[in-house]
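Now for the letters of each chain:
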Amino acid sequence: MRILQKYFSVEIVRAVLFVMVALLALFSFFDLMSELPSVNKGGYRLQHALLYVTLGMPGYIYEFMPIAVLIGTIYVLAQFASNSEFTIMRAASMSTVMAGTILIKIGLVFVALTFLFGEVIAPYSTKLAERIKLTAIGASETQQFRTGLWTKDLIRENGLSGEVIGSRFLNVREILPNRQLKDVKMFEFDKNFHLAREVTAKSAEYQGRNVWRLSDVIETSFPRTLSAEDIANVKSQALSSRDVVSEVTPDILSVLFADPDRMSAVDLAAYTQHLNDNKQDSERYEIAFWKKVTYPFATLVMMALALPFAYLHVRSGGISLKIFSGIMIGMVFYLINSLFSHIGLLNTWPAAVTALVPSILFLGLALAGLRYVERN
């Protein structure tokens, strides 16, 4: 069993690595071609484009890991079948359960690697790549919006731990690559949704612990009603700086510009909680969270799909045909996984169900394939 485990592991890891390198080379080439029109804009040069594409590779590794595992495993098992190695292993008392156990142990390693790239490496490298590009071009993240960025949080007594006493709408014209905010406006409402205060600032810098320091501030306070008698009670004052405690952090702001599929589950959970606390729609991010949690386990499903190919004789198709079948299955899984996210969002299906259905469908297909080859 140990010898077979080692033999399977070495061959499958080698094949998966080869497939992953091929996929990375292909899609990185496409990315580089799409970046070339941006070269020489501002300070953006070819070396920046190459670095940008390189930093995007961890995201592709996360996305393509199940497909690479499927194709690599099919290739190895098809080789075993064509060389009659798998027949000899079965004659030496290796059962289907034993073969499946070997593949599961190998698959758990790929599950861990997928989690590592999806939770740690890819989110960081993606943010770094965007920051490098924006800095080189000299652009900001909100230039594409006419009115800037809008978000909402709650106002609480005693910082973030007290009772909710109102709500705040935040408008930011520009977010610089160093996460400094420019041209900030805050509209603060009381519990009855009466406008209590308007705060404008030329800039804001994050001080940590949910504290923003506003600079060049103009603060206008409004009475509870704006009748003719109360107009005189509108007060405005200028301040050099003011600290504001807010649930909105730079990480939450960065979520607004990030692709949910490229974010970590931790960031998605935090932002989903923020949206729920502010009674905003969070379904898109809940689906992305559950996909992020369940997607690494799709590598196990892909290995289960590859196992029936070991039982197919040469007359059932050569190695090239089996690899082509694996590529098509991988593409179908990738498309269905993306499609169900949109279908689940449109039909308001539970987020966990939306994320799990594609893997469950393909697991059922794998079990049906195993049953068919064993019977025939």
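Structure: above.
Parameters at a glance
- Residues numbered from 1 in each chain as written.
- Predicted model: local features only at pLDDT ≥ 70, side-chain atom pairs only at ≥ 80, totals over all residues.
- Heavy atoms only, no water.
- Helix = DSSP H or I, 4+ residues; strand = E, 2+ residues; numbered from the N terminus.
- Buried < 20%, exposed > 50% of the residue type's maximum accessible area, 1.4 Å probe, protein only.
- Phe/Tyr/Trp six-rings, centres within 6.5 Å; stacked < 30°, edge-to-face > 60°.
- Axes fitted to C-alpha atoms, helices over the stretch in contact; angles between N-to-C directions.
- Parallel < 35°, antiparallel > 145°, perpendicular 65-115°, else oblique.
- Left-handed = near helix turned anticlockwise from the far one by under 90°.
- Contact = heavy atoms within 4.5 Å.
- Nonpolar A, V, L, I, M, F, W, Y, C, P; charged D, E, K, R; others polar.
- Salt bridge = Lys/Arg side-chain N within 4 Å of Asp/Glu carboxyl O.
- 1 Å grid on protein atoms, 1.4 Å probe; cavity = no way out; pocket = protein on both sides within 12 Å on 5 of 7 lines; lining within 4 Å.
- Points joined across faces, edges and corners; volume = space filled by probe spheres on them.
- Patch = residues over 30% accessible without salt bridge, like charges linked within 9 Å, V, L, I, M, F, W, Y side chains within 5 Å.
- Areas by Shrake-Rupley, 256 points an atom, 1.4 Å probe, with all protein chains shown as cover.
- Pairing = 2+ DSSP bridges.
- Expected span 1.5 Å × (residues − 1).
- Core = buried A, V, L, I, M, F, W, Y, C linked by side-chain atoms within 4.5 Å.

Undergrad: Would you mind going over unusual backbone geometry with me for this structure?
TA: Excluding glycine, residues mostly carry a negative phi; peptide bonds, for their part, are mostly trans. In the Ramachandran plot, F193 falls in the positive-phi region, its phi being about 65° despite a non-glycine side chain. Inspection of the secondary structure assignment puts F193 in the loop between β3 (181–190) and β4 (195–208). Look at F193 and you get exposed, because its relative accessible area is 63%. Phi is positive for N210, which is not a glycine, with a value near 65°.

Undergrad: Whenever I open this one, the packing of aromatic side chains confuses me. Can you help?
TA: Here the distance between the centres and the angle between the planes together describe a pair of aromatic rings. Under the definition given, this model contains 16 aromatic pairs. When the centroid spacing of 5.2 Å and the interplanar angle of 90° are considered together, the rings of F333 and F362 count as edge-to-face. Here F362 lies in helix α11 (residues 351–375) and F333 lies in helix α10 (residues 319–346), a separation of 29 residues in the sequence. Among the aromatic residues, those joined into a cluster by ring pairs are F27, F29, F30, Y60, F64 and Y334.

Undergrad: Explain the packing of helix α2 (residues 46–55) against helix α5 (residues 96–137) to me, please; I cannot follow it from the model alone.
TA: Packing of α2 against α5 brings their axes to within 8 Å, and their N-to-C directions diverge by 165°. In terms of orientation, α2 lies roughly antiparallel with respect to α5. Read as a crossing pair, α2 and α5 show a hand that is left-handed. Contacts between α2 and α5 involve H48, L51, Y52 and L55 from the first element and S125, T126, L128, A129, E130, I132, K133 and A136 from the second. Tallied by class, the residues present in the contact of α2 with α5 amount to seven nonpolar, three polar and two charged.

Undergrad: Sorry, what's going on with the pattern of salt bridges here?
TA: Proximity of charged atoms lets side chains of opposite charge pair with each other. Going through the model one piece at a time under the given rule, you end up with eleven salt bridges. Two residues, D153 and R168, come together in a salt bridge whose shortest N-O distance is 3.0 Å. Pair noted here: D153 is in strand β1 (residues 149–156) and R168 is in strand β2 (residues 164–175), with a separation of 15 residues, a long-range link. Since its relative accessible area comes to 1%, D153 is described here as buried. With a shortest N-O distance of 3.5 Å, E219 and R197 are connected by a salt bridge. Within this pair, whereas E219 is found in strand β5 (residues 211–221), its partner R197 is found in strand β4, the two being separated by 22 residues in sequence.

Undergrad: Explain the layout of surface pockets to me, please; I cannot follow it from the model alone.
TA: Rolling a probe over the atoms, with the probe sized like a water molecule, indicates the empty space that remains. What the second largest pocket holds in volume is close to 460 Å³. Lining the second largest pocket are 18 residues; nearest its centre among them are D259, D261, K291, S338 and S341. Where the lining of the second largest pocket is concerned, the elements lending two or more residues are α3 (57–82), α8 (283–294) and α10. Take the lining of the second largest pocket: its biggest share by element is six residues, from α10. Among the residues forming the lining of the second largest pocket, the class breakdown is seven nonpolar, four polar and seven charged.

Undergrad: Hey, could you run me through a nonpolar patch on the surface in this one?
TA: On the surface, a nonpolar cluster with roughly 630 Å² of combined accessible area is contributed by L26, F29, F30, M33, L36, L46 and L50. Of all the elements in the fold, those that place two or more residues in the nonpolar patch are α1 (2–35) and α2. With respect to the helices and strands, L36 occurs in the loop between α1 and α2. Residue L36 is classed as partly exposed on the basis of its relative accessible area, which comes to 37%.

Undergrad: In this structure, what is going on with the sheet that holds β3? I would like to understand it.
TA: Backbone-to-backbone hydrogen bonds pair the strands of a sheet. The strands run either parallel or antiparallel. Spatially, β1-β2-β3-β4-β5-β6 is the arrangement adopted by the six strands of the open sheet, whose pairing is antiparallel. Taken across any chain shown, the strands that pair with only one partner, and hence form the sheet edges, are β1 and β6 (235–245). Pairs of neighbouring strands in the sheet enclose a mean axial angle of 25°, with direction left out of account. Across nine bridges, β2 lies against β3 in antiparallel orientation. Along β3, the bridge assignment pairs R168 with E188.

Undergrad: What exactly am I supposed to notice about α8 here?
TA: An α-helical segment advances 3.6 residues per turn. Residues three or four places apart therefore align on the same side. Helix length check: α8 (twelve residues) gives 17 Å between terminal C-alpha atoms against 16 Å at 1.5 Å per residue, within 8%. Considered for burial, the residues of α8 that qualify are E283, Y285, I287, A288, K291, K292 and T294.

Undergrad: How should I be thinking about the environment of D259 in this particular structure?
TA: Its place among the elements puts D259 in the loop between α6 (250–255) and α7 (265–277). Residues D259 and P358, 99 residues apart in the sequence, show an inter-C-alpha distance of 21 Å.

Undergrad: What am I meant to see in the nonpolar core here?
TA: Within the largest apolar cluster, 49 residues are counted, with the highest numbers of intra-cluster contacts made by F8, I12, L77, F86 and F110. Those elements that place two or more of their residues in this core are α1, α3, α4 (85–91), α5, α9 (298–306), α10 and α11. Among the elements that line this core, the one with the most residues is α3, at 14 residues. In terms of nonpolar packing, the next biggest core, distinct from the first, is built from 23 residues, L149, A201, M263 and L275 among them.

These results come straight from atomic positions and should not be treated as a statement about function.
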